[in-house]
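Now for the letters of each chain:
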Amino acid sequence: MKARVMTRPKSNTLDPQGVVVKKNLEKIGIKHLKKVSIGRYIEVQLEDAPEEELKKNVQKAIDKLLYNSIIEDYEVIYE
């Protein structure tokens, strides 16, 4: 099993990387961009264990280290 954790800036948070990327895309002729957000993709390979225990441990990792609750939102997909 693996967990895919995607983080992205909260909608009301300034995303300096996204602003720079948006400006540069516009400079090269890409149009109709309202906003660009830059997030992170984290893939965690998990050992065999009961699913509930795995998800509990992944959630603990997310809460303690993998994302900043003040400025980011996240989504987890288990496969």
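Residues numbered from 1 in each chain as written. Predicted model: local features only at pLDDT ≥ 70, side-chain atom pairs only at ≥ 80, totals over all residues. Heavy atoms only, no water.

Trainee: Explain the environment of I77 to me, using residue names and the numbers behind them.
Mentor: Positionally, I77 belongs in strand β3 (residues 72-78). In this structure I77 comes out as partly exposed when scored by relative accessible area, which is 33%. When the C-alpha atoms of I77 and R40 are compared, they prove to be 14 Å apart, with 37 residues separating the residues in sequence. Excluding anything up to four places from it in sequence, I77 contacts K2, A3, R4 and M6. (Helix = DSSP H or I, 4+ residues; strand = E, 2+ residues; numbered from the N terminus. Buried < 20%, exposed > 50% of the residue type's maximum accessible area, 1.4 Å probe, protein only. Contact = heavy atoms within 4.5 Å.)

Trainee: If you had to explain the sheet that holds β3 to someone new, which residues and values would you point to?
Mentor: As summarised here, the arrangement of the 3 strands in space is β2-β1-β3, forming an open sheet in which the pairing is antiparallel. Of all strands in the sheet, those bounded by a partner on one side alone are β2 (40-45) and β3. If you compare each strand with its neighbour and ignore which way they point, the axes differ by 20° on average. Sheet analysis places strand β1 (residues 2-9) next to β3, joined by 7 bridges and oriented antiparallel. Bridge assignment links P9 to a residue of β3, and that residue is E72. Lying over the sheet, helix α2 (residues 51-66) contacts β1, β2 and β3, oriented at roughly 155° with respect to β3. (Pairing = 2+ DSSP bridges. Axes fitted to C-alpha atoms, helices over the stretch in contact; angles between N-to-C directions.)

Trainee: Explain helix α1 (residues 16-27) to me, using residue names and the numbers behind them.
Mentor: Counted at 1.5 Å a residue, the expected span for α1 with its 12 residues is 16 Å, and the 17 Å between its end C-alpha atoms agrees. Within two residues after α1, G29 carries a phi angle of roughly 95°, on the positive side. (Expected span 1.5 Å × (residues − 1).)

Trainee: Residues and numbers for the side chain of E72, please.
Mentor: Its place among the elements puts E72 in strand β3. Polar contacts involving the side chain of E72 include one to the main-chain amide nitrogen of N68, which spans 2.8 Å. In contact with E72, not counting residues within four places along its chain, are T7, R8, P9, K10, R40 and Y67. (Polar contact = N/O pair within 3.5 Å; in protein donor to acceptor, adjacent residues only side chain to side chain.)

Honestly, it's all geometry; don't read function into it.
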